[in-house]
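# Observations on chain architecture
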Amino acid sequence: MTGTVEENESSTGYLRPSTEAAMTTGLTAAVEQVLEPLEAFLRFPDGADPAGRRSLWRTALNEPLPQQGQGPQAVLDALNEVVIPNGLRIGAPGFSGWITTMPSVVPAVAGFVGSLVAAQRWYASPGNFLEVLAFSWVGEMLGMGATCGGTFTSGGAVANLVCLAAARQHAGERIGVDPAEQGAAGIPRPRVYATASLHDVGVRALSVLGLGAAAMRTIPMDRDRRADCAALSAMLDADIAAGCTPVAVIATSGDVRTGTIDPIDAMRTIAHDRGVWLHVDGAYGGFGVLDERVRPRYGDMSKIDSLAVDPHKWMAVPLGCGAAIVRDGALQQRSLVIGRPDFHHFDPASLADVGSPFDEFGEGSPYSSVDFSARARGLTVWAALKEIGVEGMRARVGRHLDCARRVAELVRADDRLELVAEPELSICCFRYVPSGVGRDVSPALDTLNEAVLKGVRARGRCVPSSAVVDDKFVIRPAFVGPNTEIADAEALVSEVLAVGDELSRR
Ligand SMILES: Cc1ncc(COP(=O)(O)O)c(C=O)c1O
């Protein structure tokens, strides 16, 4: 840490004002200060309700742009006293609200270390090496193989975008167009096929890629909420006959509402028979392939063209880590032209004599990604897999599938509860129905269940989310947190019953 103006007077006489002097040493002292508050936070004490205390922390934090720095201690004090104790408790055992969770400890530490020593994923360094190694591990673990192209991304939204850019490239090149160079306008009447369960980010990707959201064709679903393959075949054939260009068929492995997995193998066959790309959005459920109970639903993952998957979901690495895994790595790179800048560009052929890590990009290729400068996100994925291995991931996924099945079992056994969607992965959709009330679609039941959800969350023990399934408002736990056990799933059902009974008595 540097101190006063006097101390900063350099030999050239140049004065650095003390307020510019960010602390660049003294890491141990700084980190030690936040450890105890962080440990306390990770115990998720009862009654901590950051949203309820909003006025307090907003008042404490809402200061004008500092013209003069307040120094490192002021920052550490604010972290300790306000930010950490009011942190978002999405890793608490009873949290099943979102399909994201907090990182477990080792990947979190790897993320911190990486922010210092792997601040750039390109250029030869262990961070760069582990970025590429971890990417191949994820592909191998999920059945796509270790030699695919692609990249870690900021999350599932960008992973889907990168995969669909490759699909666009594939569709264009089949008709002699290079969309990366010439734009999407050269693809006549592009069409992309997915069911209504597709996550919104899939549609957004079509807009960003210039295919347009209107390119989306909705595949009807069968009674199990999976893509109706006969309908898909007929839609493709009709569109091809009408002169449209099918760009991609998207299967979802793990719908965010119900966890349903589309018939991936059958959709792939239909797509490939017509020369069309098969993309899987497995941002949430890609990891389900590890569990034997649902493994057959995924079919042969080595034959799909691309997979979007989120290590920052079930793998519990720090948020900001998705993966776009594309079977044809060369095509994937062609889909993301970044030109040939006259800086930062290395011709691999000229690199026979490397004298410094800054003479080469290292492993992998910066040409496979939308962003350029980024930390080596793969360091956290490497840490997670090195710590618990594939078997650890399999056990975690299995436990969470058990949680969803346990909820379903308890729901089936109680006539005040209705199972609205049978769990496939780690989601279970159900609702509270007071004794003697019919189970049809009913605005009154929707309103009651909205109130039940609110009441359960307010009690703090369990925090599920909601979805609308078959036109019914349902309570939707999605179990992905490394702290979450069967007892937490059981507690959720008890909480719903307690709140539901209380509300229906009133
Ligand atoms: C199936 C699916 N696709 C895409 C996304 C978007 O991923 P992200 O939030 O990491 O951008 C999600 C997020 O929940 C998802 O569940």
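All values reported here derive from a predicted model rather than from experimental measurement. (Residues numbered from 1 in each chain as written. Predicted model: local features only at pLDDT ≥ 70, side-chain atom pairs only at ≥ 80, totals over all residues. Heavy atoms only, no water.)

## Looking at the overall build of the protein
A tally of regular secondary structure across the protein gives 15 helices and 11 strands. Projected onto its principal axes, the C-alpha positions of the protein cover 85 × 65 × 40 Å. Per-residue burial for the protein yields a buried fraction of 49% across its 506 residues. Nonlocal contacts in the protein, meaning residues at least 24 apart in sequence, comprise 72% of its contacts between residues at least 6 apart. Carbon together with sulfur atoms contributes 56% to the accessible area of the protein, which is approximately 23,000 Å² in total. Within the protein, the 61 negative side-chain charges are centred at a point lying 6 Å from the centre of the 47 positive side-chain charges. (Helix = DSSP H or I, 4+ residues; strand = E, 2+ residues; numbered from the N terminus. Buried < 20%, exposed > 50% of the residue type's maximum accessible area, 1.4 Å probe, protein only. Contact = heavy atoms within 4.5 Å. Areas by Shrake-Rupley, 256 points an atom, 1.4 Å probe, with all protein chains shown as cover. Lys, Arg positive; Asp, Glu negative; His and termini not counted. Charge placed at Lys NZ, Arg CZ, Asp CG, Glu CD.)

## As for the sheet that holds strand S7 (residues 322–326)
The 7 strands are arranged S1-S7-S6-S5-S4-S2-S3 in an open sheet whose pairing can be described as mixed. Whereas interior strands pair on both sides, the edge strands pair on one side only; in this sheet they are strand S1 (149–153) and strand S3 (216–219). Averaged over neighbouring strand pairs, the angle between their axes works out to 20 degrees when direction is ignored. Direction of pairing for strand S2 (residues 190–195) relative to S3: parallel, over a ladder of 4 bridges. Bridge assignment links Ala194 to a residue of S3, and that residue is Thr218. (Pairing = 2+ DSSP bridges. Axes fitted to C-alpha atoms, helices over the stretch in contact; angles between N-to-C directions.)

## Description of the site of the ligand
In the vicinity of the ligand there are 14 residues, among which Gly156, Ala157, Asp281, Asp310 and His312 approach most closely. Here an oxygen atom of the ligand and a backbone polar atom of Gly156 are 2.7 Å apart. Classifying every residue of the shell around the ligand by side-chain character gives 5 nonpolar, 6 polar and 3 charged. (Near = heavy atom within 4 Å. Polar contact = N/O pair within 3.5 Å; in protein donor to acceptor, adjacent residues only side chain to side chain. Nonpolar A, V, L, I, M, F, W, Y, C, P; charged D, E, K, R; others polar.)

## Comments concerning the domain arrangement of the protein
As assigned here, the protein comprises domain 1 (18–83), domain 2 (147–338) and domain 3 (391–505). Put simply, the middle of domain 1 and the middle of domain 3, counted by C-alpha atoms, are 36 Å apart. (Domains from an automatic or database assignment.)

## Observations regarding helix H9 (residues 229–241)
Here H9 is 13 residues long and its end C-alpha atoms lie 18 Å apart, about the 18 Å a rise of 1.5 Å per residue gives. Among the residues making up H9, those that are buried are Cys229, Ala231, Leu232, Ser233, Met235, Leu236 and Asp239. With a side-chain oxygen positioned 3.1 Å from the backbone nitrogen of Ala230, the residue opening H9 is Asp228. With its phi angle positive at about 90 degrees, Gly243 sits one or two positions after the end of H9. (Expected span 1.5 Å × (residues − 1).)

## What about the packing of aromatic side chains?
For the coordinates displayed, the defined rule picks out 4 aromatic pairs. Centre to centre, the rings of Phe95 and Trp98 are 5.4 Å apart; their planes meet at 85 degrees, and the pair counts as edge-to-face. (Phe/Tyr/Trp six-rings, centres within 6.5 Å; stacked < 30°, edge-to-face > 60°.)

## Some points on the layout of surface pockets
The volume enclosed by the largest pocket comes to roughly 1,100 Å³. What lines the largest pocket is a set of 35 residues, among which Val34, Leu38, Ala108, Val109 and Phe112 lie closest to the centre. Breaking the lining of the largest pocket down by element, the ones donating at least two residues are helix H1 (27–42), helix H3 (72–83) and helix H4 (105–117). Among the elements that line the lining of the largest pocket, the one with the most residues is H1, at 9 residues. Class assignment for the residues of the lining of the largest pocket results in 25 nonpolar, 9 polar and 1 charged. (1 Å grid on protein atoms, 1.4 Å probe; cavity = no way out; pocket = protein on both sides within 12 Å on 5 of 7 lines; lining within 4 Å. Points joined across faces, edges and corners; volume = space filled by probe spheres on them.)

## Structural notes on the pattern of salt bridges
Per the counting criterion, the structure on display carries 28 salt bridges. Here Arg121 and Glu131 are joined by a salt bridge, their closest N and O atoms 3.2 Å apart. Linking Arg121 in the loop between H4 and helix H5 (126–141) with Glu131 in helix H5, this pair joins segments that are 10 residues apart in sequence. Taken as a pair, Arg121 and Glu131 share a single burial class, namely buried. In this structure, Arg225 engages Asp470 in a salt bridge whose closest nitrogen and oxygen atoms are separated by 2.8 Å. Taken together, the positions of Arg225 in the loop between S3 and H9 and Asp470 in the loop between strand S10 (465–469) and strand S11 (472–476) put the pair 245 residues apart, joining distant regions of the chain. (Salt bridge = Lys/Arg side-chain N within 4 Å of Asp/Glu carboxyl O.)

## Things to note about a nonpolar patch on the surface
Among the surface-exposed residues, Leu27, Leu42, Val105, Val106, Val109, Phe112, Val113, Leu116 and Val117 lie close enough to one another that they form a single nonpolar patch of about 770 Å² accessible area. Mapped by element, the contributors of at least two residues to the nonpolar patch are H1 and H4. The leading source of residues in the nonpolar patch is H4, at 7 residues. With respect to the secondary-structure elements, Val106 resides in helix H4. (Patch = residues over 30% accessible without salt bridge, like charges linked within 9 Å, V, L, I, M, F, W, Y side chains within 5 Å.)

## Details of the pairing of S10
The side-chain alternation of S10 yields one buried face, formed by Ser465, Ala467 and Val469, and one unburied face, formed by Ser466 and Val468. Both S10 and S11 contribute to a ladder of 5 bridges, which runs antiparallel. Bridging from a neighbouring strand, Ser465 pairs with Arg476 of S11.

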